[in-house]
Amino acid sequence: MKTPKTSKHFKKIVDEKSGAAHYVLSTRLAEYQQGFYFINNSMTNDGRYLWFHATPNAVYSPRDRNLGYVDFLTDEVVICYDSIAEGASPYVDAETGEVYFARGKSLYKRAPGKDKKAEKIYTLKEYPGYVNSIVCHLTRLSDKKSFFLDIGRDDFGFIQGVVNIETGEFTKWTEMTYTANHGQINPANDRLAMVGIDSGDDLNTGRVFGVPISEEGVFQRVWTVTADGEKTCIPPLHNYASHEWWSPNGKRIYYCCDNHGICYYDITNGEHVLFHECDPWHAHTTMNERYFVYDVKMLERYGGKWYRGCPAAVKFLNRETGKLINIVTEMPEGGTPEKPNCYHIDPHPRFTENEKYIVFTTTELGGVDLAVAFVDELIELSK
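These notes cover the structure that comes with them. (Residues numbered from 1 in each chain as written. Predicted model: local features only at pLDDT ≥ 70, side-chain atom pairs only at ≥ 80, totals over all residues. Heavy atoms only, no water.)

So, the layout of surface pockets
Point 1. Considered as a void within the structure, the largest pocket measures approximately 1000 Å³ in volume.
Point 2. Every residue lining the largest pocket is counted, 38 residues in all, and those nearest its centre are Asn181, His182, Asp198, Arg308 and His344.
Point 3. Listing elements by their share of the lining of the largest pocket, those giving two or more residues are strand S11 (131-133), strand S16 (179-186), strand S17 (189-198) and strand S22 (242-246).
Point 4. If you tally residues by element for the lining of the largest pocket, the top one is S16, at three residues. (1 Å grid on protein atoms, 1.4 Å probe; cavity = no way out; pocket = protein on both sides within 12 Å on 5 of 7 lines; lining within 4 Å. Points joined across faces, edges and corners; volume = space filled by probe spheres on them. Helix = DSSP H or I, 4+ residues; strand = E, 2+ residues; numbered from the N terminus.)

In structure tokens, the structure reads:
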């Protein structure tokens, strides 16, 4: 079986400053070929299938993107024109290679294979009115037949709960007026999940708002919700949090704090720690929490103003040695402050489920492309 290193579809790029190598999907079947959002794994444990977002042309809605995959056994790249995923919803079963995704009020499943087609497996029936989306990021419960949903309605708000795709039963947990999405089930507790409140419109009044601030001045981005209907806000260090994720053992909530670093909150004892000082954008960790990857916005030339498609760096942190390796010291911009990119092309680096690779999105070849780095090589460089 091929790998990103031996496949004919990938081009090797070595960072000039760090010497770290990564491999970019250079066979272009779609205008945009990019990695998933950092919450969701995109590769099977056996290394055969690597799924990605594929946008054939820029006239598509920025929310809707075809799915594609690399088959490293046959060394083929396949675009699934029958599978258009909404937002950042795809979930890959790391054992079977099947991908689950949302579109409209429905969930779909698509198996790899050029002779396969997307299969509708669930449609939301409990809320007949308009639904903005039924899920932000699909995360699966331990029974492997249920998913956590965060449903956005224009006439009420956001509803959090669990759907069993075998029975079609949706069980409501909690509800919020704000845009409480970015939902993620706890990897060790099927009755606990996390949501992040985004900026947006008040779905009852139409009022435009940012992340809410409590009367005590607390930035209310990160919340836990339970199957019993409990909602708890996690007050962040330095009163700011974004791009949160669960630790693999479900005991910590990690998040990024601009201009300060990567932080975590321990749900077992209330401990709150800034453990790595940096200016993170998105981040992710291995199961043993020894190695981290994160991206950084490179905004110096524009006076610190962020825009979609800004230049970015991707970094690997070895916590055992304390060394930091640039996977990409600075990738070119994919937009401008005057004309930001309408697609979600942030690098979004993430370890794959088998932890052999880091997958991210890059602009180094002049487009928007899928990139893969080898974890063992980065560990060796950071000794």
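Once you've had a look at it, read on.
Examining the pairing of strand S20 (residues 222-226)
Point 1. Among the five residues in S20, five count as buried, and that is most of the element.
Point 2. Burial along S20 is two-sided: Val222, Thr224 and Thr226 and Trp223 and Val225, pointing in opposite directions, are all buried.
Point 3. Two strands pair when backbone bridges link them, and S17 and S20 are joined in this way by five bridges, in the antiparallel orientation. Opposite valine 195, over in S20, you have tryptophan 223 as the bridge partner.
Point 4. Pairing between S20 and strand S21 (residues 231-233): three bridges, direction antiparallel. From the neighbouring strand, threonine 224 faces S21, where its bridge partner is threonine 232.
Point 5. Turn length for the S20-S21 hairpin, with the two strands adjacent in sequence and antiparallel, is four residues, and the turn residue glycine 229 shows positive phi of about 90°. (Buried < 20%, exposed > 50% of the residue type's maximum accessible area, 1.4 Å probe, protein only. Pairing = 2+ DSSP bridges.)

Such coordinate-based values are descriptive only and should not be taken to indicate function.
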